[in-house]
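# Report on the structure
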Amino acid sequence: LVYARDIDDLALKICRVNLSMFFKDHDMSVNIEKNDILFWKKNDGSDFDLKIKFDYIVTNPPWGSKLEKERKIRLQEKYSFLNTAESFSIALYNSVNALSENGKLIFFLPYSFLNVSTHSGIRKFLIEKKYSLKIKLLGAVFPGVMSESIRLELTSERGNRIEIMSKNNKYE
């Protein structure tokens, strides 16, 4: 079963089309719903079922989302241990916690994830939990986005192993 979540209706419609084309099945069963991963809320305001665990989570979360002041304050209070209200750090934290025991997560993130203090809380969380991480440096791959990008692959298999691969597919 495939689940797709987003806060944008158009993104969900595009997702349905892309999944149908990828799986070559226009009648496939996909659980698509509007959902806010930052607060784990559905579009109707009800809570997302946090007992659901996923084998794979693949996403390009929003970077540097401009949040209303009240929403930002609520995020800082709810995730004070991350010491940030940055949307992709919180999305990453929530996604890691939604992985199944042998789950795998792939996030496309800005390069700043690796070295900017705003993201130190989520980096510390990942290191302390001893997840195996693979980081591929992608460079400037998104048109109109000034930040270089990385591909972060996390497996729930413990081992505290971190691999970094350059744009040329060489390990660093």
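Above this text is the structure in question.
A few points on the structure.

Criteria and cut-off values
- Residues numbered from 1 in each chain as written.
- Predicted model: local features only at pLDDT ≥ 70, side-chain atom pairs only at ≥ 80, totals over all residues.
- Heavy atoms only, no water.
- Buried < 20%, exposed > 50% of the residue type's maximum accessible area, 1.4 Å probe, protein only.
- Helix = DSSP H or I, 4+ residues; strand = E, 2+ residues; numbered from the N terminus.
- Arc of directions from axis to C-beta.
- Contact = heavy atoms within 4.5 Å.
- Salt bridge = Lys/Arg side-chain N within 4 Å of Asp/Glu carboxyl O.
- Core = buried A, V, L, I, M, F, W, Y, C linked by side-chain atoms within 4.5 Å.

## Let's talk about helix H4 (residues 120-128)
Of all the residues in H4, the buried ones are Gly121, Ile122, Phe125 and Leu126. Taken around the axis of H4, the buried residues stretch over an arc of 135°, which confines them to a single face. Exposed side chains of H4 directed beyond 90 degrees from the buried face belong to Lys124 and Glu128. Elements in contact with the buried residues of H4: helix H3 (87-97), strand S6 (131-139) and strand S7 (149-158).

## Description of the pattern of salt bridges
Applying the stated criterion across every chain, the model contains four salt bridges. Here Asp9 and Lys34 are joined by a salt bridge, their closest N and O atoms 3.4 Å apart. Here the residue Asp9 occupies a position in helix H1 (residues 9-23), and Lys34 occupies one in strand S2 (residues 30-36), the gap between them amounting to 25 residues. Using a relative accessible area of 23% as the deciding quantity, one classes Lys34 as partly exposed. The residue Glu153 makes a salt bridge to Lys104 at a minimum N-O spacing of 3.3 Å.

## Focus on the environment of Asp8
Note that Asp8 resides in the loop between strand S1 (2-6) and H1. Judged by relative accessible area, Asp8 falls into the partly exposed class, the value being 39%. Separated by 27 residues in the primary sequence, Asp8 and Asn35 have C-alpha atoms spaced 8.7 Å apart.

## Comments concerning the nonpolar core
Counting residues in each nonpolar core, the largest one holds 30 residues, and the members touching the most others are Leu92, Phe113, Leu126 and Leu152. Going through the elements one at a time, strand S4 (54-59), H3, strand S5 (99-110), H4, S6 and S7 are the ones with two or more residues in this core. Element by element, the count of residues in this core is highest for H3, at six residues. In this structure Leu152 touches Leu92, Leu105, Ile106, Phe107, Leu109, Phe113, Leu126, Leu133, Lys134 and Ile135, once residues within four positions along its chain are discounted. Core analysis: the second largest hydrophobic core is formed by six residues, Ala4, Leu12, Met28 and Val30 among them.

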